[in-house]
Amino acid sequence: HAHAHAHDSHSARSSASTADYAVWVKAIGSTLLISALPAAILVFIPVDKDKASSHNLLKVLLSFASGGLLGDAFLHLLPHAAHPHSHGDEGHDGHDHHHGHDHSHGHGDHAHAHAHAHDHSAELSVGLCVLAGIIAFLLIEKFVRHVKGGHGHSHGPAQTVTDKKTDEVKPAHDEIKVAGYLNLAADATHNFTDGLAIGASFLLSERIAWTTVFTVLLHEIPHEIGDFAILVQSGCSKKKAIMLQFTTAFGALMGTACGLLSQNLGQLPTFILPFTAGGFIYIATVGVIPELLADASVWQSVKELVAMLLGVAIMVGIVFLE
């Protein structure tokens, strides 16, 4: 009898590990798919930084990028950071919510005041994290420009800088590159949080998991198109921009792995979402929007505005899907 019992427990354990293996394969596979699919779409975008004809299309794509980044920050990342328990795909957040509820039964008004103070401090910390994100990105940009012997941002139609040693005027390609690299860093962090959501959702149930994968994919496609435009604007060739986009997939894979392991890790750091939101706000307002202030025809400006609103609208749509 004892032998049979031991045998059963052993088979149960091996079947559990097989199930774990299947979950890992599905989660990692879907993360790779989400990284590869947008890149396949990028190949068909007719943008080349050296061609004057694609300059206007690039500006429209940049407007779309800024709308997407701002929409993502204000409609997606910040609400999730402020109210983590409303996020369907992170199972462990619901637990804290119920704990607070039981606590209030016991202590009445005192607990209510305590909860109110807690909410207030939570909101304050979210706000501070957003500001920290903006300031951190500013400091990184300052540092990179300093290392490169940075010159001031030269806005206006002719993107040129004057070389201090030879007094030659040359195109400000290196100058703008910083925005591209900053954007890659923010994108990798953002992909990490997407990966976390995917990994954690596969632990909950298959249905929640596939909903999450679909949602992330939908919001990743406009995002990657925007990031691609920012990289091309920063002086990358089309091929290099697509290759650099692929590097951010490592962030997503790490996130998925952490999400799958999150049973053992407990609560994951809450500052990631608002900090990333701060980064997005900085890139959209400092890196992208100034590029759109250069002189343009009325029709070009209308196209840029429509593209920006479309970027925001897609993010609104995704909020309702979630």
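Residues numbered from 1 in each chain as written. Predicted model: local features only at pLDDT ≥ 70, side-chain atom pairs only at ≥ 80, totals over all residues. Heavy atoms only, no water.

### Examining the overall build of the protein chain
The helix and strand inventory of the protein chain stands at ten helices and two strands. Reading the protein chain from its N terminus to its C terminus gives the helix and strand order α-α-α-α-β-β-α-α-α-α-α-α. Expressed as a percentage of the 322 residues in the protein chain, the buried residues total 42%. Residue pairs in contact within the protein chain that sit at least 24 positions apart in sequence constitute 81% of those at least 6 positions apart. Accessible surface, the protein chain: about 17,300 Å² in total, of which carbon and sulfur atoms supply 69%. (Helix = DSSP H or I, 4+ residues; strand = E, 2+ residues; numbered from the N terminus. Buried < 20%, exposed > 50% of the residue type's maximum accessible area, 1.4 Å probe, protein only. Contact = heavy atoms within 4.5 Å. Areas by Shrake-Rupley, 256 points an atom, 1.4 Å probe, with all protein chains shown as cover.)

### Observations regarding helix α10 (residues 298-321)
With 24 residues, α10 should cover 34 Å at 1.5 Å per step; its first-to-last C-alpha distance of 35 Å lies within 8% of that length. Along α10, the residues that are buried comprise Q300, E304, A307, G311, M315 and I318. (Expected span 1.5 Å × (residues − 1).)

### Regarding a nonpolar patch on the surface
A cluster of nonpolar side chains, contributed by F74, L75, V316, V319 and F320, occupies part of the molecular surface with about 460 Å² of accessible area. At the level of elements, α2 (53-82) and α10 are the ones that each hand at least two residues to the nonpolar patch. Element by element, the count of residues in the nonpolar patch is highest for α10, at three residues. The topology assignment puts L75 in helix α2. (Patch = residues over 30% accessible without salt bridge, like charges linked within 9 Å, V, L, I, M, F, W, Y side chains within 5 Å. Salt bridge = Lys/Arg side-chain N within 4 Å of Asp/Glu carboxyl O.)

### Description of the environment of K177
Mapped onto the elements of the fold, K177 is located in helix α5 (residues 173-204). With a relative accessible area of 17%, K177 lands in the buried category. Sequence spacing of K177 and G235 is 58 residues, and the spatial spacing of their C-alpha atoms is 6.3 Å. Look past the residues within four positions of K177 in its chain and what remains in contact with it is K148, S234, G235 and K240.

### Remarks on the environment of T31
One can find T31 in helix α1 (residues 2-42). Judged by its relative accessible area of 2%, T31 falls in the buried class. For T31 and D194, which are 163 residues apart along the polypeptide, the C-alpha to C-alpha distance reads 8.9 Å. If we ignore the near neighbours within four places in the chain, the residues touching T31 are I198, A252, L253 and T256.

### Focus on the pattern of salt bridges
Here the structure, examined in full by the defined rule, presents one salt bridge. Residue E206 pairs with K26 through a salt bridge whose shortest N-O separation is 3.0 Å. Here E206 is found in helix α6 (residues 206-233), whereas its partner K26 is found in helix α1, with 180 residues between them in sequence. For E206, a relative accessible area of 40% corresponds to the partly exposed category.

### Examining empty space enclosed by the protein
Picture a little ball the size of a water molecule; that probe, rolled over the atoms, points out where space is still empty. Tallied over the full model, the rule gives four cavities of 30 Å³ or more. Roughly 110 Å³ of internal volume is contained in the second largest cavity. Broken down by secondary-structure element, the contributors of at least two residues to the lining of the second largest cavity are α1, α5, α6, α7 (238-247) and α8 (249-265). Looking at the lining of the second largest cavity element by element, the count peaks at four residues for α5. Tallied by class, the residues present in the lining of the second largest cavity amount to six nonpolar, six polar and three charged. (1 Å grid on protein atoms, 1.4 Å probe; cavity = no way out; pocket = protein on both sides within 12 Å on 5 of 7 lines; lining within 4 Å. Points joined across faces, edges and corners; volume = space filled by probe spheres on them. Nonpolar A, V, L, I, M, F, W, Y, C, P; charged D, E, K, R; others polar.)

### Some details on the confidence of the model for the protein chain
Put simply, the protein chain has an average pLDDT of 76, and 71% of its residues get 70 or more. Per-element averaging of pLDDT across the protein chain places strand β1 (residues 160-162) at the bottom with 42 and α10 at the top with 92. Here residues 86-106 is a poorly scored stretch, pLDDT under 50, and it has 23 contacts once near neighbours within four places are set aside; other chains count. Note on residues 152-173: pLDDT is under 50 here. Beyond four places in sequence and across chains, it has 40 contacts. (pLDDT = per-residue confidence, 0-100.)

### Side note on the packing of aromatic side chains
Scanning the model with the defined rule gives three aromatic pairs in all. Ring centres of F137 and F275 lie 6.4 Å apart, and the angle between their planes is 50°; on these two criteria the pair is classed as tilted. Placement of the pair is F137 in helix α4 (residues 109-147) and F275 in helix α9 (residues 272-288), with a sequence separation of 138 residues. Given a relative accessible area of 5%, F137 falls into the buried group. (Phe/Tyr/Trp six-rings, centres within 6.5 Å; stacked < 30°, edge-to-face > 60°.)

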